[in-house]
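Now for the letters of each chain:
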Amino acid sequence: MATVMVVDDNPTMVEMLSMALNLFGHNALAAYSGEEALVRILESVPDLMLLDLTMPGIDGYETLRRLRACPETEALPVYVITAAAELDLEERVHLAGGTGLLRKPIQMETLADLAESHSRVELLEQTQRPAA
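Conventions we followed
- Residues numbered from 1 in each chain as written.
- Predicted model: local features only at pLDDT ≥ 70, side-chain atom pairs only at ≥ 80, totals over all residues.
- Heavy atoms only, no water.
- Helix = DSSP H or I, 4+ residues; strand = E, 2+ residues; numbered from the N terminus.
- Rg over C-alpha atoms; globule rule 2.2 N^0.38 Å.
- Buried < 20%, exposed > 50% of the residue type's maximum accessible area, 1.4 Å probe, protein only.
- Expected span 1.5 Å × (residues − 1).
- Contact = heavy atoms within 4.5 Å.
- Polar contact = N/O pair within 3.5 Å; in protein donor to acceptor, adjacent residues only side chain to side chain.

Participant: Would you explain the overall build of the chain in this entry?
Facilitator: A tally of helices and strands in the chain yields six helices and five strands. Helices (α) and strands (β) of the chain occur, in sequence order from the N terminus, as β-α-β-α-β-α-β-α-β-α-α. Over its C-alpha trace the chain gives a radius of gyration of 14 Å, about what one expects of a compact globule, namely 14 Å for 132 residues. Across its three principal axes, the chain shows a C-alpha extent of roughly 45 × 35 × 30 Å. Scored against the burial criterion, the 132 residues of the chain give a buried share of 45%.

Participant: Could you clarify how one ought to interpret helix 1 (residues 11–23) in this entry?
Facilitator: Residue pairs three or four apart in sequence face the same way in an α-helix, which turns once every 3.6 residues. Taking 1.5 Å of rise per residue, the 13 residues of helix 1 would be expected to cover 18 Å, and the 18 Å separating its terminal C-alpha atoms lies within 8% of that figure. Those residues of helix 1 hidden inside the fold are in contact with strand 1 (3–7), strand 2 (27–31), strand 3 (48–52), strand 4 (78–82) and helix 5 (108–117). Sitting at the head of helix 1, N10 places a side-chain oxygen 2.9 Å from the backbone nitrogen of T12. Downstream of helix 1 by one or two residues, G25 has phi in the positive range, about 90°.

By themselves, these figures tell us nothing about what the structure is for.
Laid out in structure tokens, this is it:
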């Protein structure tokens, strides 16, 4: 089971992604702004973050910059979610410190696979496997 923080200013998107994550057996945490995410993440660092790029206040890029500057969250996997279609967006997200990019609408199978790959149980099993 992975704990996934969903950060988006659109409550419907947060609710939909959170509901899907919970149905897949993961624990979803919700934040509705970059500011809220930065406060909540210090209470409990998740296994994975889904971060909207375009939000009022501090946007996804600034939220990501602040996450990377904090020792507790500098290695946190952060996948940027966006409906934007710019061709160089994946490169810009990577340069900003993002782990990957998911374009809206997000396929539920992709979401399930992503959460599972960052599950604490899955990561623990990977580290305990004998070297080949």
